[in-house]
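What follows is the residue order along each chain.
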Amino acid sequence: MAESLFLSLSAGLFLVFVDRLVTFDGKKQLVRANLIHFLENILPNRYLKSVKKQEKEEQAKQKEKQKEKEQVKEEKKEAKKIERHWQEAAASREFELTDEEMQAVKDFINGL
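In this report, the structure presented in the accompanying data block is examined. Nothing here was measured: the structure is a model prediction, and the numbers come from that model.

1. Notes on the overall build of the chain
Thought 1: Counting its secondary structure elements, the chain contains 3 helices and 0 strands.
Thought 2: Ordering the α and β elements of the chain from the N terminus gives α-α-α.
Thought 3: At 40 Å, the chain has a C-alpha radius of gyration far larger than the 13 Å of a compact globule built from 112 residues.
Thought 4: Over its C-alpha atoms, taken along the principal directions, the chain stretches across nearly 125 × 30 × 20 Å.
Thought 5: Across the 112 residues in the chain, those meeting the buried criterion constitute 5%.
Thought 6: Looking at the chain as shown, the accessible area adds up to about 11,000 Å², and 58% of this sits on carbon and sulfur atoms.
Thought 7: Looking at charge distribution, the chain has the averaged site of its 22 positive side-chain charges lying 11 Å from that of its 21 negative ones.

See below:
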């Protein structure tokens, strides 16, 4: 008697389990609900994160370009200071640099 009760109970549970696996209407609803959840909640957050990351990268590139521009400006200022210094030194010695000498000094400064 107990064996038949156990056997019928396990067969019934097996049938319920198989029915749950094969029921396509329930699966369709579950897949649809998961898809809607993904599209409404997860996907927009991922998109926003990727957009924010791209914006941060662009800002970093702009900052780097700005630093490079400032560095070039500083180097030009330094070159002008050096050029003025050599012109003053040449004037104080009562001689002027020729155009070729000035060009050589400028090339030297630009090479720095």
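The discussion continues.
2. Side note on the pattern of salt bridges
Thought 1: All told, the structure shown has 1 salt bridge when counted by the stated rule.
Thought 2: Among the ionic pairs, Lys-81 bridges to Glu-78, the shortest N-O distance being 4.0 Å. Taken together, the residues span about one helical turn, with Lys-81 and Glu-78 both in helix 2 (residues 24-92) at a distance of 3 residues.

3. Let's talk about helix 1 (residues 2-22)
Thought 1: Compared with the 30 Å implied by 1.5 Å per residue over 21 residues, the 30 Å span of helix 1 between its first and last C-alpha is a close match.
Thought 2: Summarising burial for helix 1: 0 of the 21 residues are buried, a small minority.

4. Side note on the environment of His-85
Thought 1: By the secondary structure assignment, His-85 is in helix 2.
Thought 2: Put simply, His-85 and Arg-46 are 39 residues apart on the chain and 58 Å apart in space, counted from C-alpha to C-alpha.

5. Some words on a nonpolar patch on the surface
Thought 1: Judged by side-chain polarity, Phe-14, Leu-15, Phe-17, Val-18, Leu-21, Val-22 and Phe-24 come together as a nonpolar surface patch covering roughly 740 Å² of accessible area.
Thought 2: Mapped onto the elements, Leu-15 comes out in helix 1.
Thought 3: Note on Leu-15: relative accessible area 59%, which makes it exposed.

What counts, and where the lines are drawn
- Residues numbered from 1 in each chain as written.
- Predicted model: local features only at pLDDT ≥ 70, side-chain atom pairs only at ≥ 80, totals over all residues.
- Heavy atoms only, no water.
- Helix = DSSP H or I, 4+ residues; strand = E, 2+ residues; numbered from the N terminus.
- Rg over C-alpha atoms; globule rule 2.2 N^0.38 Å.
- Buried < 20%, exposed > 50% of the residue type's maximum accessible area, 1.4 Å probe, protein only.
- Areas by Shrake-Rupley, 256 points an atom, 1.4 Å probe, with all protein chains shown as cover.
- Lys, Arg positive; Asp, Glu negative; His and termini not counted.
- Charge placed at Lys NZ, Arg CZ, Asp CG, Glu CD.
- Salt bridge = Lys/Arg side-chain N within 4 Å of Asp/Glu carboxyl O.
- Expected span 1.5 Å × (residues − 1).
- Patch = residues over 30% accessible without salt bridge, like charges linked within 9 Å, V, L, I, M, F, W, Y side chains within 5 Å.

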